Amino acid sequence: MSSEVVGVEKSHQNTEHHHNHGLKPSFRRNDSLDMESRTFTTSAHASKGPSMSMILHLAFQSIGIVYGDIGTSPLYVYASTFTDGIKHNDDILGVLSLILYTITLIPLVKYVLIVLQANDNGDGGTFALYSLICRYAKVGLIPNQQVEDAQVSNYQLELPKNNRMKRASWLKSKLEKSYFAKLFLLLVTMLGTSMVIGDGIFTPCISVLSAVGGIKEAASSISDDLVAGVSIGILICLFMVQRFGTDKVGYSFAPILCVWFTFIGGIGLYNFIKYDPTVIKAINPKYIVDYFTRNKKDAWISLGGVVLSITGTEALFADVGHFTVRSIQISMCSVTYPALILAYTGQASFLRRNNDFVSETFYKSIPDPLYWPMFVLAVLASIIASQALISGTFSIIQQSLSLGCFPRVKIVHTSAKYEGQVYIPEINFILMIACVVVTATFKNTTKIGNAYGIAVVFVMTLTSALVVLIMIMIWKTHILLVISYVLVIGSLELVYLSSVLYKFKEGGYLPLAFAVVLMTIMYIWNDVYRRKYYYELDHKISPEKLKEIATGTDLHRMPGLALFYSELVQGIPPIFKHYVANVPALHSVVVFVSIKSLPISKVPLEERFLFRRVEHGELNVFRCVVRYGYTDVRNEQEPFESLLVRRLKAFIGDGILASQRVLQDDDKAEETMNGGEVDGVQEGGDEERLKQEAIGKEMEAFEKALGVGIVHLIGESEVIAGRGAGIVKRVLIDYGYNFLKKNLRQSDKVFDIPHKRMVKVGMTYEL
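It should be emphasised that the depicted structure is a prediction, and the values quoted were computed from it without experimental measurement.

Analysis parameters
Residues numbered from 1 in each chain as written. Predicted model: local features only at pLDDT ≥ 70, side-chain atom pairs only at ≥ 80, totals over all residues. Heavy atoms only, no water. Pairing = 2+ DSSP bridges. Helix = DSSP H or I, 4+ residues; strand = E, 2+ residues; numbered from the N terminus. Buried < 20%, exposed > 50% of the residue type's maximum accessible area, 1.4 Å probe, protein only. Salt bridge = Lys/Arg side-chain N within 4 Å of Asp/Glu carboxyl O. Core = buried A, V, L, I, M, F, W, Y, C linked by side-chain atoms within 4.5 Å. Contact = heavy atoms within 4.5 Å. Expected span 1.5 Å × (residues − 1). Bend = angle between axes of the 7 residues up to and from the residue. Patch = residues over 30% accessible without salt bridge, like charges linked within 9 Å, V, L, I, M, F, W, Y side chains within 5 Å. Areas by Shrake-Rupley, 256 points an atom, 1.4 Å probe, with all protein chains shown as cover. Axes fitted to C-alpha atoms, helices over the stretch in contact; angles between N-to-C directions. Parallel < 35°, antiparallel > 145°, perpendicular 65-115°, else oblique. Nonpolar A, V, L, I, M, F, W, Y, C, P; charged D, E, K, R; others polar.

**Student:** Describe the pairing of strand β3 (residues 556-566), naming the residues involved and giving the relevant values.
**Tutor:** One ladder, built from nine bridges, connects β3 with strand β4 (residues 585-597); its direction is parallel. The partner of S566 across the bridge, within β4, is S594. For β3 and strand β7 (residues 710-720), the ladder comprises five bridges, and the chain directions are parallel. Of the residues in β7, the one forming a bridge with L561 is I710.

So, in structure tokens, the structure goes:
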């Protein structure tokens, strides 16, 4: 079963009706699919959060993973902003004021204080925001929601109770009724994801190139080709160490970045005191107004340089699943933010006395004895900067894959100690190739910088749009606070976006080109997946038809347990009928297994399996829905097969225990009731005894089948465009989707299904 068989999405379509088979009203019969979810009461909420020592450990680790990018921005921000030199000394105050307010409003206020609160049970990124909205409103496009999903312990959102319900309900209703709004929300999420992946390409390129290019200060004879060659070598090494995991990489990098932040903060303080302490007046936003008044259009264009001071901020949110919200907040507020403020203030103070050195501000402002140590640190820190977005890319692709929006790839969980730390070999290889191509093509940071700015600001703007929806619908924030957020942070991001888009022709087209390619792949996969799901839903086999097939004279029931995998959550898939028509034999016990992902990050193991008997008990046919969160490990310590068998056995056993309890209650009632009423109880007791006998036979048949052996039947449907389909639909299905499917990981590898006991059942769907 493929890991993308998911679809978190909700729909008004419910699962089949559940019947109460003649039981007395005093005894409640649970539907079999929700029985197991009610049996266990342990929940994620009941468990204690991480200890303070672990939070501090993670805070230390996060410095090495999350802040490399934003921490190395002082290398090039002033040089990128004043591309034509400093025309007026007070322009430095205007730019410093812009930098101070930008770093305070976006990384600190927006991300650390607001956006991190929109995490999905500890996980962040664009898809975490989308999954929160999916859980609250029926905005998904695949109808595989079940009533039982909401009973998972960490599914329910903690919604505030206040008088702002009306506005939230109105917005929720508008979203649920509009197909365009649902599709638009999905496309926005895909665009945000594509841009983060674009960040994962550009960050390593610009960071490593700028670091290695710094050697020209010492040896001007070194050519751009040599710099590019050395950079490519470093990039390849960086991607090769990813397989060791965030845990090990983080502990290796964290001490280096701690020293880096200490040095840039200390040198900034030294320069501030030595050159011009009066730059402190840049706290007054009046200098921003003066800067724009003097420079007009040039000031607006220069914002493309200022925005580089917050590159990598999205990694704060995308990487939160590798750590915790509290650990990110601690490391940002205690280390990163103070060091960056001191660094930029110190550089501004230096530039007030040395206008001519603006193109090489960072190295010129370093005291001579510290030049070489800082150069080595800068090279190391710039290499580390790449790690932030590479880790974020792995996390966000894992989420999009689980939500049915990305072709299946192998996910490796690299840390048994810390959940959420993942590595994706295929994506790592593609990122490496893309980085090498971009670096070899451009060979300098100017055009890459233009491209980088667009990717950064686009992601931030899309995140803000989704957060505003969450504020109104889920948090039910006061409308004045929502308006304040939009006016202050939203407006600031839109101004920056307009500035970076001005450089579209000068390399800015690159992230948009990458985004178009990635979005095309994601949309093709998701669209055909939805079409396929609807086809199976429309052609599913009814319980009556199943009984007719299973009891037919031409069908041979042979001993053994068959696990029949399909994507359909509601009902029996049409591929089963195709299988029986061609192989007129069926195992004595059959379990239809569907894998689906819920719009939450983790599903507790004890709540993962839901079972139901398929109508007629004597057939020994069950349905099983296996539910995963989008960060859950698919191959646990215990093999999937044995875990499923153990849970099914417990489910059948629960039925026997339930019947025994009813019989005991009947016996007690019989002793205390009068003759006229005993008949009713006796009749109910006989019925329960029959039911208990039937369940006992069912357990006996199951044990016997298990002794014979297990066979895995995997439904592998091929899809083609139906007759009369238009050219667009034909290209989408026959070429786009089928090309992706042929070049990706096979279903059986996702759950380590034994090849010796696996049978693939093929069928062609005309969509």
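**Student:** Lay out the pairing of β4 with the relevant residues and their values.
**Tutor:** Along β4, twelve of the 13 residues are buried, which leaves the element largely enclosed by surrounding structure. Sheet topology note: the β4/strand β6 (residues 621-628) ladder contains eight bridges and is parallel. From the neighbouring strand, V591 faces β6, where its bridge partner is F622.

**Student:** An account of the pattern of salt bridges is requested, with residue identities and associated values reported.
**Tutor:** Scanning all chains against the criterion turns up 18 salt bridges. A salt bridge links R352 to D90; the nearest nitrogen and oxygen atoms lie 3.0 Å apart. Linking R352 in helix α14 (residues 325-353) with D90 in helix α5 (residues 89-114), this pair joins segments that are 262 residues apart in sequence. In this structure R352 comes out as buried when scored by relative accessible area, which is 12%. Note on D90: relative accessible area 25%, which makes it partly exposed. A salt bridge links R613 to E698, with the shortest nitrogen-to-oxygen separation between them at 2.9 Å. One end of the pair, R613, is in strand β5 (residues 609-613); the other, E698, is in helix α24 (residues 675-708), with 85 residues separating them in the sequence. Assessed through its relative accessible area of 6%, E698 is described here as buried. Within the structure, one salt-bridge network assembled from shared partners comprises D90, D276, R352 and R353.

**Student:** Please provide a residue-by-residue account of the nonpolar core, values included.
**Tutor:** Residues Y67, Y78, W260, I264 and F362 are the most contacted members of the largest nonpolar core, which totals 164 residues. At 20 residues, the largest contribution of residues to this core is made by helix α18 (residues 445-475). Not counting the four nearest positions on each side in its chain, Y67 is found in contact with S62, L257, F261, L316, I328, S331, M332 and T336.

**Student:** Give a detailed account of α5, specifying residues and quantitative values.
**Tutor:** The end-to-end C-alpha separation of α5 is 36 Å, in line with the 38 Å expected for 26 residues at 1.5 Å each. At L108, α5 shows its largest kink, close to 25°.

**Student:** Give a detailed account of the environment of T345, specifying residues and quantitative values.
**Tutor:** Among the secondary structure elements, T345 is positioned in helix α14. Owing to a relative accessible area of 11%, T345 belongs among the buried residues under this scheme.

**Student:** Quick one: what's the story with a nonpolar patch on the surface, residue by residue and with numbers?
**Tutor:** A surface patch of nonpolar side chains, amounting to about 440 Å² of accessible area, comprises I479, L480, I483, L487 and V488. Summarising the element assignment, I483 is placed in helix α19 (residues 479-501).

**Student:** Account for the packing of helix α9 (residues 224-240) against helix α17 (residues 425-442), with residues named and values stated.
**Tutor:** It is at 10 Å that the axes of α9 and α17 come closest, and there the two elements cross at 170°. By the angle class used here, α9 and α17 are roughly antiparallel. Each of A228, S231, I232, L235, I236 and F239 in α9 lies in contact with α17, whose residues at this interface are N428, L431, M432, C435, V436, T439 and A440. Tallied by class, residues from the contact of α9 with α17 come to ten nonpolar, three polar and no charged.

The values reported here are purely geometric and, on their own, carry no functional implication.
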